[in-house]
Amino acid sequence: MNDMTAANLRSAYGGESQARTRYNIWGEIATKEGFPNVGRLFHATSDAEKIHATLHFKALGAVKGDFDVFSGAGFGIGSTSENLQGAIDGEVFEYTQMYPAYITVAEMQGEKTAVRAMQFAIEAEKVHAKKYTIAKEAVDAGKDLEVEKVYLCPVCGYIALDGNDDLCPLCNAKKELFVQY
């Protein structure tokens, strides 16, 4: 694939992915403000953006070994084991390089709310990398991850593979708030 086309696909993928998240957030706000139909429109459009992002991602996957210039993590589509390694690499990059650099800048600028948000992200990304590592070990052994449900803290992004925590270990959110998958 031409370098310029690959770069454009990465950019389009990023833009569509960001739009998806933005539309989901705006849909939640619209619904909370009493506009459920507007909320549904935002959520439907969010899903349309996911379709676009998926098409771009698959087009990039045609190039094995394509690397993201921002993190060095593999960007293409591989086997589940390779995809898990890409996820591990991306999470480790975020908590070892990206967020520490961003926090330094936010601290210099006195942005306490931004620092707190990024500190939550660092701790959650560490957990994500560990969970992906557990999953990769299972996949590499020819097995699926042995869990019944996955639990997400909606406050800080912590993920648990069991429902044993009464409080989120990162932000102290109550277990009842966790989203089950």
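Along each chain, residues carry numbers from 1 onward, in the same order as the chain's sequence is written. Residues qualify for local features only when their pLDDT is at least 70, as the model is predicted, and side-chain atom pairs are given and counted only at 80 or more; totals for whole chains, interfaces and linings, by contrast, use all residues. Hydrogen atoms and water are omitted, and side-chain values are computed over all heavy atoms in the structure.

Undergrad: Looking at this model, I keep getting lost on the packing of aromatic side chains. Mind explaining?
TA: Geometry of an aromatic ring pair is reported as the spacing of the ring centres plus the angle between the planes. Aromatic rings from Phe, Tyr and Trp, with only the six-membered ring used for Trp, were paired whenever their centres fell within 6.5 Å, and each pair was classed as stacked if the ring planes differed by under 30 degrees, edge-to-face if by over 60, and tilted otherwise. Evaluation of the coordinates by the stated rule reveals six aromatic pairs. Relative to Phe57, the ring of Tyr13 has its centre 5.2 Å away and its plane inclined at 35°; by these criteria the two rings are tilted. Of this pair, Tyr13 sits in helix H1 (residues 3-32) while Phe57 sits in helix H2 (residues 36-61), placing them 44 residues apart in sequence. Judged by its relative accessible area of 24%, Tyr13 is partly exposed. Since its relative accessible area comes to 25%, Phe57 is described here as partly exposed. The interplanar angle of 90° and the centroid separation of 6.3 Å between the aromatic rings of Tyr99 and Tyr102 together place this pair among those described as edge-to-face. You can see Tyr99 and its partner Tyr102 sitting in helix H3 (residues 80-108), three residues apart, about one turn around the helix. Each residue is placed in one exposure class: buried if its accessible area under a 1.4 Å probe, protein chains only, is under 20% of its type's maximum, exposed if it is over 50%, and partly exposed if it falls in between. Tyr102 gets classed as partly exposed once you look at its relative accessible area, which sits at 45%. Through pairs of rings, three or more aromatic residues link up here, namely Tyr23, Trp26 and Phe42. Counting from the N terminus, the helices are the DSSP runs of H or I reaching at least four residues and the strands are the DSSP runs of E reaching at least two.

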